[in-house]
Amino acid sequence: NHKATHSENSQGKKSQHAEEAIFYMNCRAAYLSVLKSSLENIKSKEQLTLVLQQAGRNPSQKTINKYWTSQTTSLNFDDFCAILKKEKPATKNELLEAFGKIDTDKAGYILHDELYRILTTRGDKMTWEEVTTITKQADFNCSGKLDYNKFCELYLSTSEQCCKAARDRLEIDPRLRQQQFGNQTETSSEGITLPGSKPSPRISRKTDHKLAKGDSRAPSRPSSAQSGKASSSTTVTVGASSSRSTKLIIEPDTMKEWQRAQSKGCFYLEEDGEIISHKYRLHLPQRSAVCITIKPFNIPQAEGKSCHWLSVDTALFILKENETQENLQLVSFTELQHKEMFGWRGELGSGVYWLLPFTTGCRLRKVKTQIPGEAKLVWRDEDGELALTKEFRAALLDIFETIDLDGNGLLSLEEYNFFELRTSGEKCDQEAWAVCKENFEMKKNELTRQGFMDLNLMEANDRDGDPWDLWVTLLSLGYNKALEMTEACPFVIDICAERCKPRIKAISLGAGGSQLSRALCRSVVNKGEPKVLDGSENIIIHTYKSGSRITSVIENQSENKVIIHVNNEQSKNCLNSRGLTIFAVEVAPKSMMVSQHVMPLNEQEEWIYSCVHSLV
């Protein structure tokens, strides 16, 4: 059974990888139907509309305005791919549902007069002539009526033909197929030495003995590094058993008497793909040796339910608070790995520290999955009274475990408010909490599990059994319609201190922001291997491997912005945080930015990270 499950998971990951490759091919086919190169920017709303249409989308003016604001001057290929990920093509069911709102009699057609009235007065208003073009099409019009079922079929087939035509153009024209995408025309042998270009004198070349065992780095220069263009190539080969080889002893005998603190939290995946999480403040009364760990929180699941989040990578960045919260200094991060746990051991002085959780997003991302049917949340007993289903109760108990940050089996007002902020965007004040106390079971002014269950039952009763509000709560907490947590990753942080009692407190829920970005870049620059782009000493690619993940950071020391082309086509058994094999990024002058995070698709097999960064 274990082998069968492992095989299914492996096949699922490979299928996801194949879907991403197809998505990317469609992206560049559409882009090159309008623009000459993937490195040419979209310069107007009209161009944006055209490339979206070539990708089978039919964007409204509202959609275009969402991505092209008054501040927008251009969008690059990377931006375009991100837009396509958010703007899914309409399905036949969605189109029929929209027409069904007009066709209240469910006759299957709409009178032309009604169609004219709606299309010329609502939404993106069409002209009389534009509507006439639709009503004159014999394929789906007859006797002054539009057969909207036929119209939907033609609309979808036309959309697919548009995508296919773009792909065909890409295949037929070799200039388009290879131009500016770094497609290799020949395979380079591993181990070929990079042609000599002297490194910047400020950078010491780090040798391979600092890498974990099982890794090998072979410099190579695939043909995608076009001659005359500054480029850098990095290859890291990781054995199947070495991804989690770093040893972190969590409970040595010397730590048994250390004082402890613990807090739970969660990563949540937003609609736009951004990841948010709890952030923490750690207080140490005096200087002490400290051990800090983070790992996914293992909630016992019902038989047959998979724990998707347990494979999600986690990390903590430790920052020292000085005079102001804006002035945070990176101390270290959890770089040691043992199985799914990441940790750091060292000595910290007395004071206040910030702990910023992080995940690469390689394994916490939007994925389309087939769900056989929507789970039932409530039912009525023989007396007609509403009750929560067994499946929904189990999900609520899991949610309770996740949002009970201190793990005392009760929800304080602060803990409950993190839940409220996530699910409704509002906070519960002291007065409302007092009302809760009157209606739901509490202990020591904290909500019990039963109280939490009853509160959700009351919500169902308030809508007379309509589960809409309950689903809003579940979806915002990362659950799908099968009651599986697929877009969230609960985690637990443990802190042990030798000479004092550590105190940890969740202070906010949100994106990591600039503080986390700076800490991430600085950690890679401090610990990683730097490589100067051949022919451009001001551009440095820093690559750092920590356990089962690799991060690359682009440092631009020049006075001008640069565009870096990134090619991962020679990587094997890899997932990256951008979801694209080839992409381009713009780096501002005198700045650093993350190029990508990479992890193995299947940790039981060898994986090869092979990446070429080229200056455009």
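What you see is a predicted model; the values in this text were computed from it and never measured.

All right, on to the pattern of salt bridges then. What the rule picks out here adds up to 20 salt bridges. Its salt-bridge partner being R499, residue E347 comes within 3.7 Å of it at the nearest N-O pair. Separated by 152 residues along the polypeptide, E347 in strand β12 (residues 341–348) and R499 in the loop between β18 (488–497) and β19 (503–511) bring together distant segments of the chain. Its salt-bridge partner being E487, residue K366 comes within 2.8 Å of it at the nearest N-O pair.

The 5 strands lie next to each other as β20-β21-β22-β26-β24, forming an open sheet whose pairing is antiparallel. At either end of the open sheet lies a strand with only one pairing partner, and these are β20 (529–533) and β24 (574–576). Each strand of the sheet is rotated relative to its neighbour by a mean of 25 degrees, with strand direction disregarded. Across the face of the sheet, helix α15 (residues 513–527) comes into contact with β20, β21 (536–546), β22 (549–556) and β26 (591–600) while running at roughly 80 degrees to β26.

Next up on the list: the nonpolar core. Ranked by size, the top nonpolar core spans 67 residues in total, and within it I292, L355, I399, L447, F452 and I493 carry the most contacts. Sorting elements by how many residues they give to this core places β18 first, with 7 residues. Look past the residues within four positions of I399 in its chain and what remains in contact with it is F419, F452, L474, L477 and Y479. The next biggest cluster of nonpolar side chains, apart from the first, holds 41 residues, and it includes Y31, L75, V562 and V566.

All right, on to the sheet that holds strand β2 (residues 141–142) then. Strand order across the open sheet formed by 3 strands is β1-β3-β2, with antiparallel pairing between neighbours. In the strand order of this sheet, the two ends are held by β1 (109–111) and β2, each with one partner. Looking at chain direction, β2 and strand β3 (residues 145–147) are connected through 2 bridges and run antiparallel. Each residue of the ladder has a partner; that of N141, found in β3, is L146.

We now examine unusual backbone geometry. A positive phi is found at K106, a non-glycine position, where the angle reads about 55 degrees. Secondary-structure assignment places K106 in the loop between α5 (92–102) and β1. Phi at K590 is positive, roughly 55 degrees, even though this residue is not glycine. Note on placement: K590 falls in the loop between β25 (582–587) and β26. For K590, a relative accessible area of 55% translates into the label exposed.

Bringing the pairing of β18 into the picture now. Burial analysis of β18 places 9 of its 10 residues in the buried class, which makes it a mostly covered element. In this sheet, β18 lies alongside strand β6 (residues 259–269) in antiparallel orientation, the contact comprising 10 bridges. Residue pairing for β18: Q262 is matched across the bridge by D494. As paired strands, strand β8 (residues 288–296) and β18 are joined by 7 bridges and run antiparallel to one another. Opposite V290, over in β18, you have A497 as the bridge partner.

Below, the discussion takes up the side chain of T314. Checked against the element boundaries, T314 lands in the loop between β8 and β9 (315–321). Given the relative accessible area of 0%, T314 is considered buried. For T314, the residues in contact, after removing those within four places along its chain, are F267, I294, K295, P296, E340, F342, F358 and R549.

All right, on to helix α6 (residues 112–119) then. For α6, the complete set of buried residues consists of H112, L115, Y116 and I118. Contacts made by the buried residues of α6 are with α5, β1, α7 (128–135), β2 and β3.

This next bit is on the packing of helix α11 (residues 413–423) against helix α14 (residues 468–476). Between α11 and α14, the least distance of the axes is 9 Å, while the angle of their chain directions is 105 degrees. Taken together, the axes of α11 and α14 lie roughly perpendicular to each other. When α11 is examined against α14, the residues F419, R422 and T423 are found in contact with a partner set consisting of V472, T473 and S476. By residue class, the composition of the contact of α11 with α14 is 2 nonpolar, 3 polar and 1 charged.

Right, let's get into the environment of N538. Checked against the element boundaries, N538 lands in strand β21. Counting along the chain gives 52 residues from N538 to K590, while the straight-line C-alpha distance between them is 9.4 Å.

Following the criterion strictly, the structure yields 8 cavities of 30 Å³ or more and no others. The calculated volume of the largest cavity comes to roughly 120 Å³. Lining the largest cavity we find 13 residues, and of these F333, L520, Y544, R549 and T551 sit closest to its centre. Listing elements by their share of the lining of the largest cavity, those giving two or more residues are β9, α15, β21 and β22. The biggest single contributor to the lining of the largest cavity is α15, with 3 residues.

This brings us to the packing of aromatic side chains. Scanning the model with the defined rule gives 14 aromatic pairs in all. Here K145 stacks its cationic end above the ring of Y109, 4.1 Å away from the centre of that ring. In this structure, R549 is placed above the aromatic ring of F342, and the distance from its NZ or CZ to the ring centre is 4.0 Å.

Basis of the calculations
Residues numbered from 1 in each chain as written. Predicted model: local features only at pLDDT ≥ 70, side-chain atom pairs only at ≥ 80, totals over all residues. Heavy atoms only, no water. Salt bridge = Lys/Arg side-chain N within 4 Å of Asp/Glu carboxyl O. Helix = DSSP H or I, 4+ residues; strand = E, 2+ residues; numbered from the N terminus. Pairing = 2+ DSSP bridges. Axes fitted to C-alpha atoms, helices over the stretch in contact; angles between N-to-C directions. Contact = heavy atoms within 4.5 Å. Core = buried A, V, L, I, M, F, W, Y, C linked by side-chain atoms within 4.5 Å. Buried < 20%, exposed > 50% of the residue type's maximum accessible area, 1.4 Å probe, protein only. Parallel < 35°, antiparallel > 145°, perpendicular 65-115°, else oblique. Nonpolar A, V, L, I, M, F, W, Y, C, P; charged D, E, K, R; others polar. 1 Å grid on protein atoms, 1.4 Å probe; cavity = no way out; pocket = protein on both sides within 12 Å on 5 of 7 lines; lining within 4 Å. Points joined across faces, edges and corners; volume = space filled by probe spheres on them. Phe/Tyr/Trp six-rings, centres within 6.5 Å; stacked < 30°, edge-to-face > 60°. Lys NZ or Arg CZ within 6 Å of the ring centre and 35° of its normal.

Spatial relationships are all this shows, so hold off on functional conclusions.
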